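Descriptive analysis of the structure
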Amino acid sequence: MSPNPPRAREPILNLPAVIALCLLALIGIHAVRLLLSDESDFMLIIDWSVIPARWSVAFGSVQVEDVMNYLREGVAEDTITPLMALAQYVLDGQEGRPWTALSYAFLHGSWAHVLINSVWLAAFGTPIVRRCGGGRFFILSAAAAIAGAVLYAVMNPLQVLPMIGASGAVSGLMAAASWFMFAPASWHWEGRLTQPHERPRETPAHMIRNRQVLIFLGIWFAANYVFAFVQPLGVTDASIAWEAHLGGFLAGLVLFPLVDPLPARAKRISA
């Protein structure tokens, strides 16, 4: 018998089952869409994406004619542009489709789009699941997705182009993880250093003084600014809905302390 028994191999991707299922859902939905005809895929996007003008007409004080007048600016009176034709189709019947505040997060514009969101979901969703469990993870993700959709619609009330992608939900998970990912390590009762998801979350005062948190937040906001307003050539294949990112991020930042099962970091006590 060998004196040194072989070590058990660790899986390359040690993901929680909840995260693995989410990744399979996002990638699987996009793969299935490739089997659809162009017409069927178009109908799928229109029915399940966030279209702010549809919400504005159904739930707000905006009239269909307001949207058409907005799209008609700078266009000859007798001309029907593709956007105007899309608006007429989408706003016909004035249905609000409130469920699209969640369903849009399961659709993506390209393989690059879905794979990038999947990578960030795995990176930041994993510590959230390990810390909070699957139920609270889904609550936080759904709240961030809804907040992203609502802020995007509020800031673009006459937009008729569909908005899709899990970026709002992922941004919320990033914000939630910032509460504990950069907290100081401490000793676990098992005699080892705590993993990031095991550490008490920072208080707002600690976060403001934590250089790593500030750098993380600064990079996040700078990246969103670059991709939203500068859009480096060749990096993106569609416009970035930075409003959805911001809405999801703020929701995750505000709501995480309410769903976190672990206590906040204790304040320093002076003798």
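Note on numbering: residues in each chain are counted from 1, in written sequence order. Given that the model is predicted, a residue must reach a pLDDT of at least 70 before its local features are reported, and side-chain atom pairs must reach 80 or more before they are shown or counted; all residues, however, enter totals for whole chains, interfaces and linings. Based on all heavy atoms of the structure, the side-chain values leave hydrogens and waters out of the count.

Considerations on the overall build of the protein
Helix numbers and strand numbers start at the N terminus; a helix is a DSSP run of H or I with at least 4 residues, a strand a run of E with at least 2. If you tally the helices and strands in the protein, you get 12 helices and 0 strands. Taken from N to C terminus, the helices and strands of the protein fall in the order α-α-α-α-α-α-α-α-α-α-α-α. Between buried and exposed lies partly exposed: a residue is buried under 20% and exposed over 50% of the maximum accessible area for its type, with that area taken using a 1.4 Å probe on protein chains only. Sorting the 271 residues of the protein into buried and exposed places 41% on the buried side. The long-range share in the protein, meaning contacts at least 24 apart out of those at least 6 apart in sequence, stands at 80%. As displayed, the protein has an accessible area near 15,600 Å², and 65% of this comes from carbon and sulfur atoms. By the convention used here, residues are in contact when the closest approach between their heavy atoms is within 4.5 Å. Surface accessibility follows the Shrake-Rupley procedure with a 1.4 Å probe radius. Residue values consider only the protein chains on display as shielding.

Here's the deal with the packing of helix H7 (residues 111–132) against helix H8 (residues 134–155)
At a minimum axis separation of 7 Å, H7 and H8 run at an interaxial angle of 130°. The pairing of H7 with H8 is recorded here as oblique in orientation. Classified by chirality, the crossing of H8 by H7 is right-handed. Contact residues: Leu121, Gly125, Ile128, Val129 and Cys132 in H7; Gly134, Arg136, Phe137 and Leu140 in H8. Polarity classes work like this: nonpolar for Ala, Val, Leu, Ile, Met, Phe, Trp, Tyr, Cys and Pro, charged for Asp, Glu, Lys and Arg, and polar for all others, with Gly in that last group. For the contact of H7 with H8, a count of residues per class yields 6 nonpolar, 2 polar and 1 charged. Here, axes are lines fitted to C-alpha atoms. For helices the fit covers the stretch in contact, and angles between N-to-C directions go from 0 to 180 degrees. Small angles under 35 degrees read as roughly parallel and large ones over 145 as roughly antiparallel, with 65 to 115 read as roughly perpendicular and the rest as oblique. In this scheme the crossing of two helices becomes right-handed for a clockwise turn of the near helix relative to the far one and left-handed for an anticlockwise turn of less than a right angle.

Details of helix H3 (residues 52–59)
For H3, a buried count of 6 out of 8 residues is recorded, marking the element as mostly surrounded by other parts of the structure. Turning to H3, its buried residues number three or more, namely Pro52, Ala53, Arg54, Trp55, Ser56 and Val57.

Side note on the pattern of salt bridges
Any Lys or Arg side-chain nitrogen located within 4 Å of an Asp or Glu carboxyl oxygen qualifies as a salt bridge. Tallied over the entire structure, the rule returns 6 salt bridges. Where Arg72 meets Glu65, a salt bridge forms, and the shortest distance between an N and an O atom there is 3.2 Å. Looking at Glu65, the relative accessible area reads 44%, which means it is partly exposed. A salt bridge links Asp260 to Arg201, with the nearest nitrogen and oxygen atoms 3.1 Å apart. Linking Asp260 in the segment after helix H12 (242–259) with Arg201 in the loop between helix H9 (167–177) and helix H10 (204–209), this pair joins segments that are 59 residues apart in sequence. As far as burial versus exposure is concerned, Asp260 and Arg201 are alike and both buried. Each of Asp47, Glu95 and Arg97 takes part in a single network of salt bridges with overlapping partners.

Concerning the side chain of Asp260
By relative accessible area, which is 8% here, Asp260 ends up buried. By the criterion applied in these results, polar contacts are pairs of N or O atoms within 3.5 Å in which, for protein atoms, one can donate a hydrogen and the other can accept it, and in which residues neighboring in sequence qualify only through two side-chain atoms. Within the structure, Asp260 has its side chain in polar contact with the side chain of Arg131 (distance 2.9 Å). Among the polar contacts made by the side chain of Asp260, one reaches the main-chain amide nitrogen of Leu262 at a distance of 3.2 Å. Beyond its immediate stretch of four places on either side in the chain, Asp260 contacts Arg131, Cys132, Arg136 and Arg201.

Quick look at the packing of helix H4 (residues 64–72) against helix H5 (residues 82–90)
Taken N-terminus to C-terminus, the directions of H4 and H5 make an angle of 170°; their axes are 9 Å apart at the nearest point. With respect to H5, the element H4 is oriented roughly antiparallel. Two secondary-structure elements touch here, H4 through Val67, Met68, Leu71 and Arg72 and H5 through Leu83, Met84, Ala87 and Gln88.

Points about the confidence of the model for the protein
Caution applies to low-pLDDT regions: their predicted coordinates should not be interpreted in detail. Residues with a pLDDT of 70 or more make up 83% of the protein, whose mean pLDDT is 85. Considering only residues more than four positions removed or in separate chains, one finds that residues 5–12, a stretch of pLDDT under 50, has 0 contacts. Taken together, the stretch residues 232–237 has pLDDT below 50 and engages in 6 contacts with residues farther than four places along the chain or on a different chain. As a per-residue quantity, pLDDT reports the predictor's confidence and falls between 0 and 100.

Things to note about the environment of His108
By the element assignment, His108 lies in the loop between helix H6 (100–103) and H7. For the pair formed by His108 and Ile29, sequence separation is 79 residues and the distance between their alpha carbons is 9.0 Å. Not counting residues up to four positions away in its chain, the partners in contact with His108 are Leu26, His30, Arg33, His113, Val114, Asn117, Ile164, Gly165 and Ala166. One polar contact links the side chain of His108 to the main-chain amide nitrogen of Ala166, over a distance of 3.3 Å.

Overview of unusual backbone geometry
Located in the positive-phi region is Arg97, a residue other than glycine, with phi close to 50°. Position of Arg97 among the secondary structure elements: in the loop between H5 and H6. Relative accessible area serves as the criterion here: at 18%, Arg97 is assigned to the buried category.

A few points about helix H1 (residues 17–33)
The terminal C-alpha atoms of H1 lie 24 Å apart, and with 17 residues this matches the ideal 24 Å at 1.5 Å per residue to within 8%. Looking only at H1, the buried set comprises Ile19, Cys22, Leu23, Leu26, His30 and Arg33. Axial view of H1: buried residues confined to an arc of 110°, hence all on one face. Exposed positions of H1 whose direction lies more than 90 degrees from the buried face are Ala17, Leu21 and Leu24. Given a helix with a known number of residues, its expected span is that number minus one, times 1.5 Å. Summarising the geometry, the arc corresponds to the directions from the helix axis toward the C-beta atoms.

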